Amino acid sequence: MRPLIVVTTTLAPSGSHNLPAVRLNVQYVTAVEEPGGTAVLLTPGHDRESVCRLVELAHGLVLTGGEDVAPELYGQEPHPELGSVNPLRDQIEMAALEVALRRGIPILAICRGMQMLNVALGGTLYQDIPSQLGGDVLHEQDAPVTQRWHRADVKPGSGLEAIFGNRELFINSFHHQAVRDVAPSLEATVWAEDGIVEGVEGKEHGWMYGVQWHPERGEAESPADERDPDRRLFWAFIQAAREFAQTTSDARADATTDLVSAAD
Ligand code: MN
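Note that the coordinates shown come from a computational prediction; the quantities given were computed from them, not determined experimentally.

Definitions and limits used
- Residues numbered from 1 in each chain as written.
- Predicted model: local features only at pLDDT ≥ 70, side-chain atom pairs only at ≥ 80, totals over all residues.
- Heavy atoms only, no water.
- Donors = N, O, S within 2.8 Å, 3.2 Å for Na, K, Ca; no water.
- Helix = DSSP H or I, 4+ residues; strand = E, 2+ residues; numbered from the N terminus.
- Buried < 20%, exposed > 50% of the residue type's maximum accessible area, 1.4 Å probe, protein only.
- Contact = heavy atoms within 4.5 Å.
- Core = buried A, V, L, I, M, F, W, Y, C linked by side-chain atoms within 4.5 Å.

Draft legend 1. Summary view of the coordination of the manganese ion. For the manganese ion, the protein coordination sphere consists of His139 (ND1), His150 (NE2), Ser173 (OG), His175 (NE2) and Glu198 (OE), at 2.2 to 2.3 Å. Read N to C, the donor residues that coordinate the manganese ion are spaced as H-x10-H-x22-S-x1-H-x22-E. With His139 in the loop between α5 (129-132) and β8 (150-154) and His150 in strand β8, the pair connects residues that are eleven residues apart, well separated along the chain. Of the two residues, His139 and His150, both sit in the buried class.

Below, the structure written as structure tokens:
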């Protein structure tokens, strides 16, 4: 059975009348579908009750890249270099995360998604790496989107090392913000050479990983290579979602059996 994967989206003006339209790079959908997931898009236009309903039905959640997270959510004043924010999207994603965390479904958080996850769990962010930190690594890459840009090191023995099968990564980089204080229930397990956190994992939640880069773009670059760490991340995510779906359908089948035996 294909697991249902809720994927978050944003809004952007579109068409000849510049009306707000739902927006998502289709690579996220492809990366979920290719290993066997079924992507369901969650938009900032959904009612809060529908957000909960969709995530209640889902077997996995992907928090995607996009705008900066509103600094008020982690107790900071906006920095002059803060980029555009989208409070409606922040709210929708917070609500989705709340349900996902309660149910224990697999969560894959990408770029802004990883920052959102960290903030939702009580962590903080750098609002702008170049002005607040400087550093030797350019995190808004100066190369085409299909190219990998900087090195990253994975903590030995971590969940991400097991998924990637590698302690040394070469990743793309499209971010000007970064995780500052890691949330208490997360652990940083991937870093760039300047110390910027590039990957986190949940300490208590079942399958929960965040990456600061865009693995869905790496997928487009090397579609056939099963050793590709980006590809392995999506395969591991969908496998975890499949297992979650299996567990819940087994539980439902058991409950039905119990009802039948009770009736007997
Ligand atoms: Mn980076």
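Draft legend 2. Molecular detail of the environment of Ala120. With respect to the helices and strands, the residue Ala120 is situated in helix α4 (residues 112-120). In this structure Ala120 comes out as partly exposed when scored by relative accessible area, which is 31%. Separated by 81 residues in sequence, Ala120 and Glu201 place their C-alpha atoms 14 Å apart. Apart from the residues within four sequence positions on either side, Ala120 is in contact with Met94 and Leu97.

Draft legend 3. Region of interest: the nonpolar core. Counting 31 residues, the largest nonpolar core has Val55, Leu61, Ile105 and Leu117 as its most contacted members. Elements with a minimum of two residues in this core: α2 (48-57), β5 (60-63), α3 (87-103), β6 (107-110), α4, β11 (186-192) and β12 (197-202). In this structure, Val55 is in contact with Val6, Ala96, Val99, Ala100, Arg103 and Ile105, ignoring residues within four places of it in sequence. In terms of nonpolar packing, the next biggest core, distinct from the first, is built from 29 residues, Ala39, Cys111, Phe164 and Ala241 among them.

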